[in-house]
Amino acid sequence: MAFRFLRCLLFVALTTRTSADDGPVTFVSELSSKPAQKLSKYGWYGNVRLYRFQVPEETAVARWLFTVTKGHSFHCGQHNVSIYIQYGAPPVINPTGTVFPNSTLWSPCLSLILLVTSNNSTTFNLSNPAPGDWYIGAHLPEDDGRIEQKGFPSCSYFFQPQLSIRRAVDTPILQQGTFLQQTAAPVRPARLKLYVPEFASSLSVSVADCSSAEGADSGNCSLVLKLGSTSLQHRPVAVNCSGIGCSATLSHPPWDTWLRVVVESSLDNRTVTFSIISNYTVGCKPKSVGLKADGGVINLRGNRSDSNSTSAGNSSVMTDAVALSNESASLFTPLSACVWSIPVLYEEVDVLSLRFTPATGPNVSVTDAHPTLLTYPLYTQATGGTLNLQLTLNTTNATLKNSSSVVACLSPWAPVLELNHSQPCRTALFGGYSVHVNASDPKAVVRLPFPQSATWYLTLQLTCNSSDCGNTSLVSVVPEVFISACVEDCGTYGECRLLRSYSYLYAACVCKAGRSGWGCTDNSTAQSYRRQLTATLLLTLSNLSFLPAIVVALKRCYITEASVYLFTMFFSTFYHACDQPGVAVMCIMDYDALQYCDFLGSVCSIWVTILCMARIRDVFKYTLFMLGVLLIAMSMQLDRKGLWNLLVPVLCAILCMVTAWVYRGVQRRHCYPPSWKRWVLFLIPGALCALIGVCLYIFTETEDNYYYTHSLWHILVASCVVFLLPPKEKNREVLGWSRGWSWSRSPRVCGYTLCQSDKEELYTVTGATGH
């Protein structure tokens, strides 16, 4: 309630302040902010912090404030924060200069570099922004490959974007064929909007009857007429007016949308009065669009089932294509003689998985007389994937001449209805993507990562170099349009991961074995198979260094400790065999289960070893064993890679060991352990192995040297256990039972425990003799 009240106060205050300065148009301001997120070094798209902002209609100015703050007090030097801004879809970035997959097209977005020393901020202003979703991405420079252990202090930076907008609430509407009187000043341009209906082929806006209020230069407009909004990749169409009027014409304007019209005055301190009018032309408007009421749905279902059972290749003959076009004429109504429209089925298969199927079946008839049009609406939920277009020419019974080809144009917001070799695949305000197929190249593929949220149009037409295509005036093609999460599922050396920014879902590839790029197809730094096999063998076979520790534990009658070491060796071996990034991989069970068991066994091995060194009574020792294992298992489930999962058990075990040693030393009035050989030959070397291993594990591991530094960590930890395990207790037999255990048929029982103390029995006999 407080937020709404504050927003209402802000609305009233800004309305009162701005309405006096902006003439008939009233402006209000709105603010929006996103929570700060910790920035990461760029290694793949998952390291980018993504934000989504909604810019409403009729926004005059949008102002972003980007703030970067340090999350610590120690000095980390200067870092560059890369910021990306994109309209309609998340930004497609390539900060490392990798190679994109074949047939993958993308447009660079606006990028800003913010130099961070302590707390820095920067702003970005945009006039007349396009309404809809705007996406902001930010990350630190490229990852250097060093593996940082979770929980250790490191340089951290937090990024927070804020958006403030100024929008008009009563923008005048420019009606079709109706003059509207307006005024424009240098600081107060005239703002209007007009609606462009569907099937409009051209739009013209004209300015006339310019006059200045001051009377000077009454015959010179000195106006700038702008049509459209700013989306960074595309700018509005601007026309400089001279004389008493001017006109701006848009060929293929965006369909079914509101178009912004801004008229600015270039005269200093002068207000210009003018008349403005708009006209649009509908070149191909249908009498009716869609299915007929009589049996259309039944026929549609039949075509749908046929399309699922028919392959997308050259499965239909040319006669089927002609029959299909005749049958479609009874089911669907064409727009007119100048374009043929085919309805498209929209099927949501899975998250970021959509499939579009022509209602008449997979094969689409294309002629040279008029273009064929298919419509594909893409909503915001689909922009986080990849738009795929695969066009296949059906050459079963129809052959194209070398000079003939099927040209296709995929464009957003409006179609291009005039396709030929000279006509570019571009609408008035947005660019398109052109492909073609012919007899020598019957298949074409286009992939668009993070497509813009809009209605996309695919126009198909048969073109020939000569005016007549001869006998081949009708061909059949198979247009396959679908949304996939990643490009070709990231290939063999990648994994497609679903990412989330609040409620928005998107997908990206994380690459393995040195591969990189948007689809993990860049092999410039790829690991060879020999290196992958070497890494797998080192990381797995290095765990065999636990065998001496297991043998020593068994020889000294530490059965429980030996079991823990065997558990650790087994699961560490197969976890690293499953954790490899390349093709030299073997997983005996679920990866998550192997990782959990490996981490649990590693910490438990350290726990039982230090408690064994304390030489406390078996009852207390095994109680601590079980209690520690249960608590470690719980903490591993909460945060598997947390630093405290290792430090807390180690510190508690060391505290128990030091307490027991100090107690024995005070009781015996001698340093414990008493033998200097035990210190020099076992304890000190074991402690050095542990210290070196921890330093390697924490400070030196990188992605490049991981396979041999981590293997050395395995060897050092296993060697540490061999040195630190205490010698065999004197009252302990081969199977680990205390000497007080008797194999006779009737052992002495004291409550629930076996009487094992020889001192207590001797004291009892002596006491009886004294009496």
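Values in this document were obtained by computation on a predicted structure and should not be read as measured data. (Residues numbered from 1 in each chain as written. Predicted model: local features only at pLDDT ≥ 70, side-chain atom pairs only at ≥ 80, totals over all residues. Heavy atoms only, no water.)

(A) The arrangement of the overall build of the protein in detail. What the protein contains, in helices and strands, is 12 helices and 33 strands. When contacts within the protein are restricted to residue pairs at least 6 apart in sequence, long-range pairs at least 24 apart make up 77% of them. Only carbon and sulfur atoms are counted for the fraction: they give 57% of the accessible area of the protein, which is about 38,500 Å². (Helix = DSSP H or I, 4+ residues; strand = E, 2+ residues; numbered from the N terminus. Contact = heavy atoms within 4.5 Å. Areas by Shrake-Rupley, 256 points an atom, 1.4 Å probe, with all protein chains shown as cover.)

(B) Representation of the side chain of Thr386 in the model. Its location among the elements puts Thr386 in strand 24 (residues 386-394). According to the relative accessible area criterion, Thr386 is buried, its value standing at 2%. Ignoring sequence-local partners within four residues, the contact set of Thr386 consists of Arg447, Leu448, Pro449, Phe450, Pro451, Phe482, Ile483, Ser484, Ala485, Cys486 and Val487. (Buried < 20%, exposed > 50% of the residue type's maximum accessible area, 1.4 Å probe, protein only.)

(C) View of the nonpolar core. Within the largest apolar cluster, 88 residues are counted, with the highest numbers of intra-cluster contacts made by Trp64, Leu223, Leu225 and Ile276. Considering each element in turn, this core owes the most residues, 5 residues, to strand 13 (residues 200-212). (Core = buried A, V, L, I, M, F, W, Y, C linked by side-chain atoms within 4.5 Å.)

(D) Geometry of a negative patch on the surface. Taken together, the side chains of Glu142, Asp143, Glu703 and Asp704 present a region of like negative charge at the surface. Within the secondary structure, Glu142 sits in strand 9 (residues 132-142). (Patch = residues over 30% accessible without salt bridge, like charges linked within 9 Å, V, L, I, M, F, W, Y side chains within 5 Å. Salt bridge = Lys/Arg side-chain N within 4 Å of Asp/Glu carboxyl O. Lys, Arg positive; Asp, Glu negative; His and termini not counted. Charge placed at Lys NZ, Arg CZ, Asp CG, Glu CD.)

(E) Main features of the pattern of salt bridges. Scanning the model with the defined rule gives 8 salt bridges in all. The residue Glu58 makes a salt bridge to Lys193 at a minimum N-O spacing of 2.5 Å. One end of the pair, Glu58, is in the loop between strand 4 (49-55) and strand 5 (59-70); the other, Lys193, is in strand 12 (residues 190-196), with 135 residues separating them in the sequence. Since its relative accessible area comes to 18%, Glu58 is described here as buried. With a shortest N-O distance of 3.6 Å, Glu495 and Arg497 are connected by a salt bridge. Residue Glu495 is classed as partly exposed on the basis of its relative accessible area, which comes to 34%. The exposure class of Arg497 is partly exposed, given its relative accessible area of 35%.

(F) Main features of the packing of aromatic side chains. In total, this model carries 31 aromatic pairs according to the counting rule given. Centre to centre, the rings of Tyr45 and Tyr506 are 6.1 Å apart; their planes meet at 80 degrees, and the pair counts as edge-to-face. Here Tyr45, found in the loop between strand 3 (41-42) and strand 4, pairs with Tyr506, found in strand 31 (residues 504-511); they are 461 residues apart in sequence, far enough to count as distant. Residue classification places Tyr45 among the buried residues on the basis of a relative accessible area of 3%. Note on Tyr506: relative accessible area 4%, which makes it buried. Look at Phe66 and Phe159: their rings are 5.9 Å apart centre to centre, the planes differ by 20 degrees, and that puts the pair in the stacked class. Taken together, the residues Phe66 in strand 5 and Phe159 in strand 10 (residues 157-168) connect sequence positions 93 residues apart. Residue class for Phe159 comes out buried when judged on its relative accessible area of 0%. (Phe/Tyr/Trp six-rings, centres within 6.5 Å; stacked < 30°, edge-to-face > 60°.)

(G) Seen up close, empty space enclosed by the protein. All chains considered together, the criterion is met by 1 cavity of 30 Å³ or more. Space inside the largest cavity adds up to approximately 30 Å³. The wall of the largest cavity is formed by Gln527, Gln532, Ala535, Thr536, Gln580, Pro581, Gly582, Val583 and Ala584. Split by residue class, the lining of the largest cavity holds 4 nonpolar, 5 polar and no charged. (1 Å grid on protein atoms, 1.4 Å probe; cavity = no way out; pocket = protein on both sides within 12 Å on 5 of 7 lines; lining within 4 Å. Points joined across faces, edges and corners; volume = space filled by probe spheres on them. Nonpolar A, V, L, I, M, F, W, Y, C, P; charged D, E, K, R; others polar.)

(H) Helix 5 (residues 546-555), seen in detail. Inspection of helix 5 places Phe546, Ala549, Ile550, Val552 and Ala553 among the buried residues, and these make up the whole buried set. One side of helix 5 holds all its buried residues, which, seen down the axis, span an arc of 165 degrees. Counted as exposed and oriented over 90 degrees from the buried face of helix 5: Val551 and Lys555. Buried positions along helix 5 lie against helix 6 (559-578) and helix 11 (706-724). After helix 5 finishes, the residue Cys557 shows a positive phi value of roughly 70 degrees. (Arc of directions from axis to C-beta.)

(I) Molecular detail of the sheet that holds strand 15 (residues 237-241). The antiparallel open sheet is built from 4 strands, whose spatial order is 12-17-14-15. Sheet topology places strand 12 and strand 15 at the edges, where each strand pairs with a single neighbour. Neighbour to neighbour, the strand axes of the sheet diverge by 20 degrees on average, direction disregarded. Taken together, the 7 bridges between strand 12 and strand 17 (residues 257-265) define a ladder with antiparallel strand orientation. In the sheet register, Val196 faces strand 17, and the bridge partner there is Thr257. (Pairing = 2+ DSSP bridges. Axes fitted to C-alpha atoms, helices over the stretch in contact; angles between N-to-C directions.)

(J) Broad picture of the side chain of Arg678. Residue position: Arg678 is located in helix 10 (residues 676-700). What Arg678 contacts, discounting residues up to four positions off in sequence, is Pro673, Leu683, Phe723, Leu724, Leu725, Pro726 and Pro727.

(K) Geometry of the packing of helix 4 (residues 529-541) against helix 6. Closest axis-to-axis distance for the helix 4/helix 6 pair is 8 Å, and the angle between their directions is 165 degrees. It follows that helix 4 is roughly antiparallel to helix 6 by the angle criterion. Seen along the crossing, helix 4 lies across helix 6 with a hand that is right-handed. Only Thr573, His576 and Ala577 of helix 6 make contact with helix 4, whose side of the interface consists of Thr536, Leu539 and Thr540. Looking at the contact of helix 4 with helix 6, its residues break down into 2 nonpolar, 4 polar and no charged. (Parallel < 35°, antiparallel > 145°, perpendicular 65-115°, else oblique. Left-handed = near helix turned anticlockwise from the far one by under 90°.)

(L) Unusual backbone geometry, seen in detail. That bond from Tyr672 to Pro673 is cis: its omega, -5 degrees, falls within 30 degrees of zero. Located in the positive-phi region is Cys490, a residue other than glycine, with phi close to 70 degrees. Mapped onto the elements of the fold, Cys490 is located in the loop between strand 29 (474-484) and strand 30 (494-501). Judged by its relative accessible area of 0%, Cys490 falls in the buried class.

(M) Up close: the pairing of strand 4. Among the 7 residues of strand 4, 5 are classified as buried, and the element is accordingly described as predominantly covered. Inspection of the sheet shows strand 4 paired to strand 9 by 7 bridges, in the antiparallel sense. For Arg49, the partnering residue across the bridge sits in strand 9 and is Ala138.

(N) Focus on the pairing of strand 27 (residues 443-449). Among the 7 residues of strand 27, 5 are classified as buried, and the element is accordingly described as predominantly covered. Across 7 bridges, strand 24 lies against strand 27 in antiparallel orientation. Bridge assignment links Asn388 to a residue of strand 27, and that residue is Arg447.

(O) Geometry of the sheet that holds strand 28 (residues 455-464). One open sheet accounts for 5 strands, arranged 19-23-28-25-26; its pairing is mixed. Either end of the sheet is taken by a strand with one partner, and the two such strands are strand 19 (340-342) and strand 26 (433-437). Strand-to-strand twist across the sheet, computed as the mean angle between neighbouring axes with direction ignored, equals 25 degrees. The pairing of strand 25 (residues 404-412) with strand 28 spans 9 bridges and is classified as antiparallel. Bridging across to strand 28, Pro412 finds its partner in Trp456.

(P) Summary view of the packing of helix 4 against helix 11. Running from N to C, helix 4 and helix 11 cross one another at 10 degrees; their axes reach a closest spacing of 9 Å. The angle between helix 4 and helix 11 places the two elements in the roughly parallel class. Like other packed secondary-structure pairs, helix 4 and helix 11 cross with a definite hand, here left-handed. Where helix 4 abuts helix 11, its residues Arg531, Thr534, Ala535, Leu538 and Leu539 lie against Tyr706, Tyr707, Tyr708, His710, Ser711 and His714.

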